[in-house]
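# Descriptive structure summary
Now for the letters of each chain:
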Amino acid sequence: MKLAYWMYAGPAHIGTLRVASSFRNVHAIMHAPLGDDYFNVMRSMLERERDFTPVTASIVDRHVLARGSQEKVVDNITRKDRQECPDLIVLTPTCTSSILQEDLQNFVNRASMISDSDVILADVNHYRVNELQAADRTLEQVIRYYLEKARRQGNLNISLTDKPSANIIGIFTLGFHNQHDCRELKRLLQDLGVEINQVIPEGGFVENLHQLPKAWFNLVPYREVGLMTAIYLEKEFGMPYISTTPMGIVDIANCIRRIQKQINVLAPILLNDKINYEQYIDEQTRFISQAAWFSRSIDCQNLTGKKAVVFGDATHAASITKILACEMGIRVSCAGTYCKHDEEWFKEEVQSFCDEILVTDDHTEVGDMIARMEPSAIFGTQMERHIGKRLDIPCGVISSPVHIQNFPLGYRPFLGYEGTNQIADLVYNSFTLGMEDHLLEIFGGHDTKEVITKSLSTDTDLTWNYESKSELNKIPGFVRGKIKRNTERFARQNNIVEITVEVMYAAKEASSA
């Protein structure tokens, strides 16, 4: 646990709440101080939900600190059981309840005896895992609980469906474009003749989880959430899973071929035939998706060799890195992720497609790396977007954490063949819009800016005289920041305090040498 004003992944209880509130008719209760209940507002605002977020805060106040929770948590559980009649109530501890060392499992056991709902305690270590790890663990815990319950009751259905079917695992609330990706995955599977058995946790009912083993395979589009569940289902029920993210022309084809391979294990027995999707892949790549055509167009060829930095969660950062390098010919100077727990997989995925790899959850390291690389564009989270604004480098947002503009009302998937078009637009616009200020300045579209002072450093040891400021203002806006930084770097290296026009030209000659 650490104090920070920016975190790429939130505390563990947020991950638990995201999973619990994704299911239908499931209520979550968190034992936390007043102020930790911001999740309700955040989810309602970002997801634009019409219904209230099913989360209740059991407040840790001065009375709890003095005497302990006593009956408070149990009363909150039973009250919600009477009022909401949920199928499941999930009690999640927080750092505060862990510090108080309260026996929440005892509260759950007592509440279970007097509640009609199932009641479980989220089994996550709030000091060792972050939001994404906790979400992955909570989803696996809920699935395990209901499959074991069904097995005890004798109503566990493990007979396969008559036609090929799949479970989509890992779509949940507040995910980056998850709702749009889910629609695109359903459409893709429908095109392949694969029925959807269940989508979990988003929109799923816990009472239907005993039907999960009926699917022919599980599809896990994001490594961050769902992988533990898929591994558990494979171990317990022999269900194969596919974790290839269908993002980008190449990996969509790889994912479809893996689906074909899994179906053809059973197809000769259950369908008396084999499946071949090669014609579908060819048609979608050549005629439906515009990304393959765009990669051969003059617009995309103009981007060849340009430098980019990619940073985000492991799934999106790895996929975007491969798309930029393999499909668009863009040089990825650095690819990075804040998912430190998935470092080994990430490095294996991107090591052949970038110059450097950065695995960190410290945004200052990311900012320093971007300032050092001086890429033409950044593809990252909202934090990298802020860094880009300070450095005058355009940024396309490709991963959580995000702001409300990344929860669009329109259809904006990142997965599937429609996702390839969205990504191509994002990449192209992120690079080309850097010319906008320059064109506006030429044609008098707005008042030109004074000398920019944006940088990651707050040092004020350098001064620009009037003539050098005027000269700097004549430089087109889309390259002005880079020239300013190069000049200041040259001045510091040569112990120059005041920057003149002569220093600017000397810096230019030094950088050209």
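Just so we're clear, the structure is a prediction, and the values are computed from it rather than from any experiment.

In this section: the overall build of the chain. Looking only at helices and strands, the chain has 22 helices and 15 strands in total. Each of the 513 residues in the chain was classed as buried or not, and the buried ones make up 53%. Nonlocal contacts in the chain, meaning residues at least 24 apart in sequence, comprise 72% of its contacts between residues at least 6 apart. As displayed, the chain offers around 24,000 Å² of accessible surface, 49% of which is attributable to carbon and sulfur atoms. With 54 positive and 67 negative side-chain charges, the chain shows a separation of 1 Å between the mean positions of the two kinds.

Let us now look at the state of the cysteines. Summed over the entire model, instances satisfying the criterion amount to 0 disulfides. Among the cysteines around C354, which has no disulfide bond, C334 carries the closest sulfur, lying 6.7 Å off.

Turning our eyes to something else, we now look at the nonpolar core. If you look at the biggest cluster of nonpolar residues, it comprises 119 residues, and the most contacted ones within it are I259, L324 and F379. With 8 residues, the single largest contributor to this core is helix 10 (residues 249–270). Other than its neighbours up to four places away in sequence, L324 contacts A308, V310, G329, I330, V332, F379 and V427. By size, the runner-up hydrophobic cluster in this structure holds 12 residues, among which are V74, I77, L91 and L121.

According to the domain assignment, the chain contains domain 1 (12–129), domain 2 (165–287), domain 3 (292–443) and domain 4 (463–511). Inter-centroid distance (C-alpha atoms) of domain 3 to domain 4 is 28 Å.

What follows deals with the environment of V225. Following the sequence through the fold, V225 ends up in the loop between strand 7 (217–219) and helix 9 (227–237). Take V225: its relative accessible area is 2%, and that puts it in the buried class. Spatially, the C-alpha atoms of V225 and A491 are 48 Å apart, while their sequence positions differ by 266 residues. Setting aside chain neighbours within four positions, we find V225 in contact with L132, A135, D136, L139, I169, G170, F172 and V220.

All right, on to a nonpolar patch on the surface then. On the surface, a cluster of nonpolar side chains totalling about 340 Å² of accessible area is made up of L160, I269, L270 and L271. With respect to the helices and strands, L160 occurs in the loop between helix 7 (131–153) and strand 5 (165–171). Residue classification places L160 among the partly exposed residues on the basis of a relative accessible area of 34%.

Closest axis-to-axis distance for the helix 1 (residues 12–22)/helix 7 pair is 7 Å, and the angle between their directions is 45°. When the axis of helix 1 is compared with that of helix 7, the two are oblique. Relative to helix 7, the crossing made by helix 1 is right-handed. Judged by residue contacts, A12, I14, G15, T16, R18 and V19 of helix 1 engage E131, L132, A134, A135, T138 and L139 from helix 7. Split into classes, the residues belonging to the contact of helix 1 with helix 7 amount to 7 nonpolar, 3 polar and 2 charged.

Before going further, it helps to examine the sheet that holds strand 11 (residues 354–359). Judged by pairing direction, the sheet is parallel, and its 5 strands sit side by side in the order 11-10-9-12-13 without closing on themselves. Looking along the sheet, the strands with just one partner apiece sit at the ends: strand 11 and strand 13 (395–397). When strand polarity is set aside, the average angle formed by the axes of neighbouring strands in this sheet is 15°. In the packing of helix 14 (residues 314–327) onto the sheet, the strands contacted are strand 9 (307–312), strand 10 (331–337), strand 11 and strand 12 (377–380), and the crossing angle to strand 9 comes to about 160°.

In spatial order, the strands read 2-1-3-4; together these 4 strands make up an open sheet with parallel pairing. The open sheet has two edge strands with one neighbour each: strand 2 (55–59) and strand 4 (118–121). For this sheet, the mean angle separating the axes of adjacent strands, direction not counted, is 20°. Strand direction decides the pairing type here: strand 1 (residues 26–32) and strand 2, joined by 5 bridges, are parallel. Paired with M30 across the two strands is A57, which belongs to strand 2. Seen against the sheet, helix 6 (residues 104–114) touches strand 1, strand 3 (88–92) and strand 4 and runs at an angle of roughly 175° to strand 4.

Following both chains from N to C, one finds helix 14 and helix 15 (residues 343–350) inclined at 10°, their axes separated by 10 Å at the closest point. Put simply, helix 14 runs roughly parallel to helix 15. Listed contacts from helix 15 to A314, A317, A318, T321 and K322 of helix 14 are W345, F346, E349 and V350. By residue class, the composition of the contact of helix 14 with helix 15 is 6 nonpolar, 1 polar and 2 charged.

Now for the pairing of strand 10. Within strand 10, 6 of the 7 residues are buried, which leaves the element mostly enclosed by the surrounding structure. Summarising the sheet, strand 9 and strand 10 pair through 6 bridges and their orientation is parallel. Paired with K307 across the strands is R331, a residue of strand 10. A crossover connection joins strand 9 to the parallel strand 10 through helix 14; in handedness this β-α-β unit is right-handed.

Bringing the side chain of R485 into the picture now. Within the secondary structure, R485 sits in helix 21 (residues 477–493). For R485, the contacting residues outside a window of four places in its chain are E374, L391 and I393.

A few words on the pattern of salt bridges. Inspection of the entire model under this criterion finds 22 salt bridges. Across the pair R286 and D282 runs a salt bridge, and its minimum N-O distance is 3.1 Å. Here the residue R286 and the residue D282 both occupy positions in helix 11 (residues 278–288), the gap between them amounting to 4 residues, near one helical turn. Judged by relative accessible area, which is 53%, R286 ranks as exposed.

Moving on: helix 9. Among all positions of helix 9, only L227, T229, A230, Y232 and L233 are buried. Where helix 9 is buried, its residues contact helix 7, strand 5, strand 7 and strand 8 (241–242). Of the residues trailing helix 9, G238 is marked for its positive phi of about 70°.

Criteria and thresholds
Residues numbered from 1 in each chain as written. Predicted model: local features only at pLDDT ≥ 70, side-chain atom pairs only at ≥ 80, totals over all residues. Heavy atoms only, no water. Helix = DSSP H or I, 4+ residues; strand = E, 2+ residues; numbered from the N terminus. Buried < 20%, exposed > 50% of the residue type's maximum accessible area, 1.4 Å probe, protein only. Contact = heavy atoms within 4.5 Å. Areas by Shrake-Rupley, 256 points an atom, 1.4 Å probe, with all protein chains shown as cover. Lys, Arg positive; Asp, Glu negative; His and termini not counted. Charge placed at Lys NZ, Arg CZ, Asp CG, Glu CD. Disulfide = S-S within 2.5 Å. Core = buried A, V, L, I, M, F, W, Y, C linked by side-chain atoms within 4.5 Å. Domains from an automatic or database assignment. Patch = residues over 30% accessible without salt bridge, like charges linked within 9 Å, V, L, I, M, F, W, Y side chains within 5 Å. Salt bridge = Lys/Arg side-chain N within 4 Å of Asp/Glu carboxyl O. Axes fitted to C-alpha atoms, helices over the stretch in contact; angles between N-to-C directions. Parallel < 35°, antiparallel > 145°, perpendicular 65-115°, else oblique. Left-handed = near helix turned anticlockwise from the far one by under 90°. Nonpolar A, V, L, I, M, F, W, Y, C, P; charged D, E, K, R; others polar. Pairing = 2+ DSSP bridges. Right-handed = clockwise from strand over helix to strand, strands pointing away.

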